[in-house]
Amino acid sequence: TFTSIIIPTGVTNIGSFAFAWNQNFASIELPNTLKEMGNHIFYRCDALTSLNIPNSVEKDNGYTFMWCSGLQFVHISENPKYTTINESSFYGCKSLTTLTIPANITTIAEETFGDEYNESSMKEVHFKATNPPYLDAKSGLPSTCKIYVPTGSYNPYKSSDSFKNYTIIEE
């Protein structure tokens, strides 16, 4: 029945399914000591609308926000050790339409955003890296999604097999 959570400083790992199926909490504060997030930790947390993944995070084990239908905003860790957005992390997040991917992310895995049965609602993704990350062909990022890239990065993104079919816009 709780509606908000504050994880205390010192916690370095949140285990798999830690908060899964909690339909009540709308906010959570993660500590700057957190290094790893287990799989499915926020699975089906429909009331959760936003989350800041602290810059201390080095790894998520996938399925992180799967089916969080109310999720509208996520700040992704800018830790250089955090390089992969794992499988199905934003799958079924129907309220998430815009996302910023920091420069440290080099891989976006299969079904990160959806699949042929559950299309993603993503309308725009802002990439901070000048060189495009690997975007799995089955990432579920809709072809109608606009891709924003740093000034001077149009050609590397447009010539990448991962991004050649998207509208690329420099910002």
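The structure reproduced in this document is the subject of the present report. (Residues numbered from 1 in each chain as written. Predicted model: local features only at pLDDT ≥ 70, side-chain atom pairs only at ≥ 80, totals over all residues. Heavy atoms only, no water.)

## So, the packing of aromatic side chains
Phase 1: The final tally for this structure, using the stated rule, is 14 aromatic pairs.
Phase 2: Taking 5.2 Å as the distance between ring centres and 80° as the angle between the ring planes, the aromatic pair formed by Trp-21 and Tyr-43 counts as edge-to-face. Placement of Trp-21 in the loop between β2 (13-14) and β3 (27-29) and of Tyr-43 in the loop between β4 (36-37) and β5 (50-52) is noted, with a sequence separation of 22 residues between them.
Phase 3: A residue is classified by how much of its surface remains accessible, and Tyr-43, at 15% relative accessible area, is buried.
Phase 4: When the ring of Phe-65 is compared with that of Phe-90, the centres are 5.5 Å apart and the planes differ by 10°; the resulting orientation is stacked. With Phe-65 in the loop between β6 (59-60) and β7 (73-75) and Phe-90 in the loop between β8 (84-85) and β9 (98-101), this pair connects stretches of sequence that are 25 residues apart.
Phase 5: Owing to a relative accessible area of 1%, Phe-65 belongs among the buried residues under this scheme.
Phase 6: An aromatic cluster of three or more residues is present, and its members are Phe-2, Phe-19, Phe-25, Phe-42, Phe-65, Phe-90 and Phe-113. (Phe/Tyr/Trp six-rings, centres within 6.5 Å; stacked < 30°, edge-to-face > 60°. Helix = DSSP H or I, 4+ residues; strand = E, 2+ residues; numbered from the N terminus. Buried < 20%, exposed > 50% of the residue type's maximum accessible area, 1.4 Å probe, protein only.)

## Remarks on the pairing of strand β13 (residues 146-149)
Phase 1: Looking at chain direction, strand β11 (residues 124-127) and β13 are connected through three bridges and run parallel. Bridge pairing links His-126 to Tyr-148 in β13.
Phase 2: Where β13 and strand β14 (residues 167-170) come together, four bridges link them in parallel fashion. Bridged to Ile-147 within β14 is Ile-168. (Pairing = 2+ DSSP bridges.)

## Describing unusual backbone geometry
Phase 1: The phi dihedral of Trp-67 falls on the positive side, at around 60°, and the residue is not glycine.
Phase 2: Examined against the element boundaries, Trp-67 turns out to sit in the loop between β6 and β7.
Phase 3: With a phi angle near 55°, Glu-111 is a residue other than glycine that sits in the positive phi range.
Phase 4: Assignment of secondary structure puts Glu-111 in the loop between β10 (107-108) and β11.

## Some points on the sheet that holds β14
Phase 1: Within the open sheet, the four strands sit side by side as β9-β11-β13-β14. Their pairing is parallel. Looking at which strands have only one partner, the edges of the open sheet turn out to be β9 and β14. On average, each strand axis in the sheet is inclined to that of its neighbour by 20°, with strand direction left out of account. (Axes fitted to C-alpha atoms, helices over the stretch in contact; angles between N-to-C directions.)

## Remarks on the sheet that holds strand β12 (residues 134-135)
Phase 1: Judged by pairing direction, the sheet is parallel, and its three strands sit side by side in the order β8-β10-β12 without closing on themselves. The sheet is open, and its two borders are formed by β8 and β12, each paired with just one other strand.
Phase 2: In this sheet, β10 lies alongside β8 in parallel orientation, the contact comprising two bridges. Counterpart to Ile-85 in the pairing with β10 is Ile-108.

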